[in-house]
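Listed here are the chains, written in short residue letters.
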Amino acid sequence: MLHYLNDVLGFNVVETPWPDEKLLPIYLRNGRKYTIATFDHFQVLVIYIEPSIFNLAAYQKQKNNLHKYWNGEIILCFEKITSYQRKALIEQRVPFIVPMSQFFFPGYGIACQERIAPDKKEITKLSAKAQQLLIYLILYGQKLNINKKELAQKINVSAMSITRAVQELESVGLVTSEKVGRSSLVSPRYLGQELFNKAKTYMIDPVSERVFIRKKAIDDQLLISGESALSKVSMLSAPYVLCKAISKQEFRQRDNWDFVDPAWTSEAEYIELEIWKYDPAPLSIEKYVDIVSLALSFSDHDDERVQMAVEEMLEEYKW
C-alpha cells in the first residue's frame, strides 16, 4: 500500500501498527488487520480485509463501535475488488484503497483512479492462429528477432492476427517481442524440439471435423494428412482410404461437396477429408502437412499402432 501511495500517487505516508487493535471485540478482529497511516497532516485507521468476508451493510453498522476505539477517519484496504464492489463502495461514500488501482477518500476530496486492465483469462490452450504461428517458429524459426510483418506473410494471416497470436504466446512464456524502430520483432524462447516440448501442453488438435467426399470433388492440390501422411514417415501401413486436409475457411467457401457415407457405399471412389482449424498450407512440406500438426492430430487416437508411428516420426525428424 505504501508504495502505491508514496511512489505512484506522490503522497508522503508512514504506516505503523495500531496498538488499540487488541482491545477490539473478536468480531471486529477476525479476518482483519489494522494499521495507522499518517499523512502529512492527518491520521487514518486502515483496515486490511478480504472482500470475500466483507459485508458492506454489516460494516456500516460496525463503524459506530469502531469509533469507540478510534475517533478519526477509517479507510478499507482490499487487495482486489470487482467493478460491482467498487461501485457499491463509492455510492455509499466508503473510503477505500486498492493498491495499484484506486484510492477513494471523499472526506478529503481525494479520488485517484488508474486505468485498470481487465483480468486476463488464464490460457490453457492456444487459439488456432497462435498455434499456427508457434508451429512455424518450431519448424522454421531458427533465428531470433523475426519481424511480425514477415511472420504474417509467411503464414498468410493479417497483422492483427499475428499481434494477438504473439500476445498469447508471450503470456505462456514461449516467445518474446520488442519494438525496434518501426519494426516489431519476435523471438522464440526455445528452438526446434525444445520449443515443441515446452509448448505441448498448450497445443490443440488441428482437426475440427472429418468427412468423406467423392474423389472427383477433391482438389489435387490439397495436402495429404492423417494416416496417409503418417505412413510416409513411419512403418505404419498406408490406409485404404486416402486422407487430405483443408482449412475450415476454404471448406466453407465451397458449397458443392459430394459427401459419402462409407457404411452405405460399395464404391472406393472417396477420400477422408480433415477440416482444419487453421490453414495447413503455409506449414506444409511438399505434398504433406507438417509433422507437428500431424502428430497433434493423433493426440486422442487410441490405436497403439498409430501412437508408435507418431513417436517414430518425431524421433527420426531432424529438428
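Residues numbered from 1 in each chain as written. Predicted model: local features only at pLDDT ≥ 70, side-chain atom pairs only at ≥ 80, totals over all residues. Heavy atoms only, no water.

## A look at the overall build of the protein chain
The cut-off we apply is this: Helix and strand assignments follow DSSP, with helices taken as H or I runs no shorter than four residues and strands as E runs no shorter than two, numbered in order from the N terminus. In this description the radius of gyration comes from C-alpha coordinates, and the expected globular size is given by 2.2 Å times residues to the power 0.38. The rule is simple: take the accessible area with a 1.4 Å probe, protein chains only, and divide by the maximum for that residue type; under 20% is buried, over 50% is exposed, in between is partly exposed. Positive charges come from Lys and Arg, negative ones from Asp and Glu, while His and the chain ends are left out of the count. Charged groups are reduced to one reference atom each: NZ for lysine, CZ for arginine, CG for aspartic acid, CD for glutamic acid.
For the protein chain, the count of helices and strands is 12 helices and 14 strands. Computed over C-alpha atoms, the radius of gyration of the protein chain comes to 30 Å, more than 25% over the 20 Å expected from 2.2 N^0.38 for 319 residues, which places it beyond the range of a compact globule. Each of the 319 residues in the protein chain was classed as buried or not, and the buried ones make up 42%. Positive and negative side-chain charges of the protein chain, numbering 39 and 41 respectively, have mean locations separated by a distance of 8 Å.

## Describing helix H7 (residues 159-171)
Heads up, the rule is: The span one expects for a helix is its residue count, reduced by one, times 1.5 Å. Note: the arc covers the axis-to-C-beta directions of the helix.
Helix length check: H7, at 13 residues, gives a terminal C-alpha distance of 18 Å against a target of 18 Å (1.5 Å per residue), a fit within 8%. Among all positions in H7, only Ile162, Ala165, Val166, Glu168 and Leu169 are buried. The arc that holds every buried residue of H7, seen down its axis, measures 160°, which confines them to one face. Summarising the geometry of H7, the exposed residues directed more than 90 degrees from the buried face are Met160 and Arg164.

## So, the sheet that holds strand E8 (residues 146-147)
Stated formally: By definition, two strands form a pair when at least two bridges between them are found by DSSP.
Pairing within the open sheet is antiparallel, and its three strands lie in the order E8-E10-E9. With one partner strand each, in any of the chains shown, E8 and strand E9 (175-180) form the two edges of the open sheet. Sheet topology note: the E8/strand E10 (residues 183-188) ladder contains two bridges and is antiparallel. If you follow Ile146 over to E10, its bridge partner there is Val186.

## With respect to the nonpolar core
Basically, it comes down to this: What we call a nonpolar core is a set of buried Ala, Val, Leu, Ile, Met, Phe, Trp, Tyr and Cys residues that are connected through their side-chain atoms within 4.5 Å. By the convention used here, residues are in contact when the closest approach between their heavy atoms is within 4.5 Å.
Grouped together as the largest cluster of nonpolar side chains are 50 residues, with contacts concentrated most on Leu133, Leu134, Met203, Leu230 and Val292. Secondary-structure elements contributing two or more residues to this core are helix H5 (128-140), helix H6 (148-155), H7, helix H8 (192-199), strand E12 (223-224), helix H9 (226-230), helix H11 (291-296) and helix H12 (304-316). The greatest single-element share of this core, amounting to nine residues, is contributed by H5. Those residues in contact with Leu230, other than ones at most four positions away along the chain, are Leu236, Leu294, Phe298, Val306, Ala309, Val310 and Met313. Core analysis: the second largest hydrophobic core is formed by 21 residues, Trp18, Ile74, Phe78 and Phe104 among them.

## Focus on the packing of aromatic side chains
Stated formally: Stacked, edge-to-face and tilted labels apply to pairs of Phe, Tyr and Trp rings (six-membered ring for Trp) whose centres lie within 6.5 Å, assigned for plane angles under 30 degrees, over 60, and everything in between, in that order. Think of it as a cone above the ring: NZ of Lys or CZ of Arg counts as a charge over the ring if it is within 6 Å of the ring centre and within 35 degrees of the ring normal.
For the coordinates displayed, the defined rule picks out 16 aromatic pairs. When the centroid spacing of 4.8 Å and the interplanar angle of 10° are considered together, the rings of Phe39 and Phe42 count as stacked. By relative accessible area, Phe39 is classed as buried at 9%. Plain terms: the ring middles of Phe251 and Trp257 are 5.1 Å apart, the flat faces sit at 15° to each other, and that makes the pair stacked. Above the plane of the ring of Trp257 lies Arg254, whose end atom (NZ or CZ) is 4.1 Å from the centre.

## Topic: the sheet that holds strand E13 (residues 243-247)
Spatially, four strands are ordered E11-E14-E13-E12 in an open sheet, and the strand pairing comes out mixed. Each edge of the sheet is formed by a strand with only one pairing partner; in this case those strands are strand E11 (207-214) and E12. Here seven bridges tie E11 to strand E14 (residues 270-276), and the two strands are oriented antiparallel to one another. Bridge pairing links Ile213 to Ile271 in E14.

## Some remarks on the pairing of E10
Where burial is concerned, most of E10 is hidden: five out of the six residues are buried. As defined by bridge partners, E9 adjoins E10 across six bridges and the pair is classed as antiparallel. Within E10, the position partnered with Ser177 by the bridge is Val186. Linking E9 back to E10 in an antiparallel pair, the connection comprises two residues, with Gly181 at a positive phi of about 65°.

## Observations regarding unusual backbone geometry
A positive phi is found at Arg93, a non-glycine position, where the angle reads about 55°. Take Arg93: it is sitting in the loop between helix H4 (83-91) and strand E5 (96-98). The phi dihedral of Glu286 is positive, around 55°, even though this residue is not glycine. Note on placement: Glu286 falls in the loop between E14 and H11.

## Details of the packing of H6 against H7
Here is the rule we go by: Simply put, an axis is a line fit to the C-alpha atoms, just over the touching stretch for a helix, and the angle between two N-to-C directions goes from 0 to 180 degrees. Here is the rule for angles: anything less than 35 degrees is roughly parallel, anything more than 145 is roughly antiparallel, 65 through 115 is roughly perpendicular, and the remaining ranges are oblique. Three residue categories are used. Nonpolar comprises Ala, Val, Leu, Ile, Met, Phe, Trp, Tyr, Cys and Pro, charged comprises Asp, Glu, Lys and Arg, and polar comprises the others, including Gly.
Two numbers describe how H6 lies on H7: the axes approach to 9 Å, and their chain directions differ by 105°. Taken together, the axis directions place H6 and H7 in an arrangement best described as roughly perpendicular. Contacts between H6 and H7 involve Lys148, Leu151, Ala152 and Ile155 from the first element and Ile162, Thr163 and Val166 from the second. Among the residues making up the contact of H6 with H7, the classes are represented as five nonpolar, one polar and one charged.

Honestly, it's all geometry; don't read function into it.
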